[in-house]
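One letter stands for each residue in the lines below.
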Amino acid sequence: MSVLIFVEIDNGTIKKTSQEAIAYGAQVAQMLNASTTVLALGQADEAALATAGNFGATKVLHDANDKLTQENSLAYAHVLVQAAQQEGSKVIVLAKSGLGDAVAARAAAKLQASVVSNITDLPEISEGTFKVKRSIYTGKAFATVEVQSEIKVLAIRKNAIEPEPTDELATVEPFSPSLRDSDFVATITQVEKASSNLSLTDADIIVSGGRGMKGPENWGPLEELAKALGAATGCSKPVSDLDWRPHHEHIGQTGIKVAPNLYIACGISGAIQHLAGVNGSKYIVVINKDPEAPFFKAADYGIVGDIFEILPRLTKAVEASR
Amino acid sequence: MKILVCITNVPDTTAKITFTDNNTKFNKAGISYIIGPYDDYALARAVELKESNGATVTVLNVGEADGDPQIRKALAIGADDAIRVNAEPTDSYFVAVQIAHIAKENGYDLILMGRESLDFNSGVVHGLVGEMLGIPSYSPVMKLDIDGTTAKLAREIDGGKEYLEAPLPLVLGCQEPIAEWKIPNMRGIMTARTKPLNVVEPVEVASMTNLESYSLPAPKGECKMIPAEEAESLITLLRKEARVL
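Not measured: the values here are computed from a predicted model.

Draft legend 1. Broad picture of the overall build of chain B. Within chain B one finds six helices and 15 strands. For chain B, the spread of C-alpha atoms along the three principal axes comes to 65 × 45 × 40 Å. By residue count, 55% of the 245 residues in chain B fall in the buried class. Counting every atom, chain B has about 10600 Å² of accessible surface; 51% of that belongs to carbon and sulfur.

If you want it as structure tokens, here you go:
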């Protein structure tokens with residue numbers, strides 16, 4: 001039996017959130033005395049796939065079929081189930097994302113397995129019981145859930161585990177499952193990708209702006225700090241509603257939920273709906289001219305002052321400390 | 001065209017979350033309930049499609065009778081009839097089986113719901129339902145037009161947008177800006193009272209998960225304030241104290 005991890009590929013390499021999924025799966029495998037297998041689909045660099053071993057995987061099943069390079073949760077789930085059957089997997093791990101959730105759900109329905117999403121910690125396994133902790137109410141609470149079905153599909157949230165990469169490499173084996181035409185009925189007519197390659201869900205650091213930025217033309221200093229930090233940029237809901245920033249940057253309860261190591265909020269007052277999208281962050285810095293901004297209560301570090309004066313100084317300090 | 005819109009009945013977005021019964025039950029005291037905000041977008045788009053393309057819109061809720069006001073609100077916004085599966089929505093799999101069962105019985109061209117429920121945030125019900133019905137599912141959908149038997153949609157992908165075309169029937173998880181939320185008008189509220197709300201009993205599902213307990217996040221420690229004139233010291237603290245740089 002083996003714990004099976006479905007990984008997402010970006011530019012031919014394993015995404016960071018998927019590396020965490022591998023590390024999580026490897027830990028679960030250790031508890032269950034099982035091996036750790038990774039499933040990678042579509043065009044990918046073989047040397048990059050072997051690095052799954054750094055995170056504890058022993059084997060990578062790779063179907064390089066170009067039909068699988070474009071995101072397709074229907075086909076991915078069909079292939080994942082075949083891999084699970086071949087490997088005799090009772091536990092399947094994925095990183096939570098739009099794609100991860102869809103693949104997890106469809107695979108679970110095929111396998112009549114439970115699917116638990118938003119898992120924040122390693123499971124507790126004892127005497128035949130398998131319990132996981134998951135985030136609910138958009139991070140305002142947690143639920144501990146006993147997973148009763150024989151096969152378990154687990155979608156883990158970013159930072160559910162801190163990987164400690166080694167130099168080990170996994171063996172990469174070709175995998176040629178059957179594909180069904182019925183999984184390829186959609187035609188993708190156009191893809192728009194943001195110019196920055198850093199995705200919010202994958203980013204370790206996020207610099208985010210709110211209405212206190214006063215207008216879309218003022219984002220320069222924020223972007224410069226983000227660049228110096230190697231951070232992704234985000235925004236609050238009012239800012240995306242006003243079209244100052246694209247919708248896919250909207251962080252909050254009804255936008256993207258993020259869990260970076262560091263979240264820097266510039267000119268965001270901290271409405272409860274915004275906090276719900278960032279409360280998985282390890283450290284929060286709030287910069288705001290209003291000392292009464294509720295966000296300070298949720299922050300680890302705060303600066304009261306003019307963001308346009310402070311941001312360039314922070315950028316300089318980051319550059320100087322290199 | 002027949003459209004099914006699945007709605008959840010959830011605490012409003014500003015609700016303070018607490019638990020009772022030794023942290024095994026959600027504390028409903030003082031909580032006001034709303035249609036899940038993402039479901040509200042799905043409903044609004046369904047009502048628009050009804051006007052532009054001609055369709056019937058059925059609202060479905062898996063839940064107990066205390067959600068009826070939200071179902072009536074959906075009818076007031078423009079749905080034609082409603083079904084409530086009379087059961088506590090215990091987990092995603094349970095809810096998906098109920099939705100799939102209703103969908104198989106009645107046959108819909110389009111099944112819309114929010115990208116995730118606001119209480120359990122799993123975001124898996126559309127995928128489960130799609131697979132149970134053997135039809136495609138997409139989420140989160142931000143734009144949807146129907147051209148004959150083809151859906152033209154845009155969905156959010158990591159760091160961007162993807163446009164695709166797929167044949168009906170489909171299951172879609174929706175989010176803004178697919179439509180603007182609709183506020184029921186007086187005429188809608190009056191007619192909603194007499195629209196059919198059929199209460200049906202759930203089909204049996206083997207239990208997949210069991211909720212053991214709830215917990216709240218540990219309270220955040222004091223925020224360390226840095227004077228604006230010493231802003232640069234933040235970088236040092238992030239490096240040396242928090243160790244995140």
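There is more to say after this.
Draft legend 2. Examining the UniProt feature "binding site: FAD" (unreviewed entry) in chain A more closely. Residues and elements named next belong to chain A. This chain's UniProt record puts "binding site: FAD" (unreviewed entry) on R211, G267, I268, S269, G270, A271, I272, Q273, H274, N288, D306 and I307. On the basis of their most widely separated C-alpha atoms, the annotated residues across 97 residues do not gather in one place, lying as much as 24.1 Å apart. Considering the arrangement of structural elements, one finds I268 in the loop between β16 (262-266) and α7 (272-278). The contact partners of I268, leaving out residues within four places of it in the chain, are S208, G209, G210, S236, Y263, H274, N288 and F295. Structurally, the position occupied by Q273 is in helix α7.

Draft legend 3. View of the interface of chain B and chain A. The interface is formed by 76 residues belonging to chain B together with 84 residues belonging to chain A. Summing both sides of the interface, chain B and chain A together bury roughly 6900 Å²; the carbon and sulfur share of this comes to 55%. The interface formed by chain B and chain A contains six salt bridges. A salt bridge links K110 of chain A to E131 of chain B, with the shortest nitrogen-to-oxygen separation between them at 3.0 Å. Where chain B meets chain A, there are 41 residue pairs in polar contact (both at pLDDT 80 or more). Counting residues per element, the ones that place at least two in the side of chain B that touches chain A are α1 (37-53), α4 (125-133), β9 (137-147), β10 (150-157), β11 (160-167), β14 (209-215), β15 (224-226) and α6 (233-240) of chain B. In terms of residue class, the side of chain B that touches chain A is built from 39 nonpolar, 17 polar and 20 charged.

Analysis parameters
- Residues numbered from 1 in each chain as written.
- Chains lettered and ligands numbered in written order.
- Predicted model: local features only at pLDDT ≥ 70, side-chain atom pairs only at ≥ 80, totals over all residues.
- Heavy atoms only, no water.
- Helix = DSSP H or I, 4+ residues; strand = E, 2+ residues; numbered from the N terminus.
- Buried < 20%, exposed > 50% of the residue type's maximum accessible area, 1.4 Å probe, protein only.
- Areas by Shrake-Rupley, 256 points an atom, 1.4 Å probe, with all protein chains shown as cover.
- UniProt positions renumbered as here; feature names shortened; annotations may be inferred.
- Contact = heavy atoms within 4.5 Å.
- Buried area = accessible area lost by both parts, 1.4 Å probe.
- Salt bridge = Lys/Arg side-chain N within 4 Å of Asp/Glu carboxyl O.
- Polar contact = N/O pair within 3.5 Å; in protein donor to acceptor, adjacent residues only side chain to side chain.
- Nonpolar A, V, L, I, M, F, W, Y, C, P; charged D, E, K, R; others polar.

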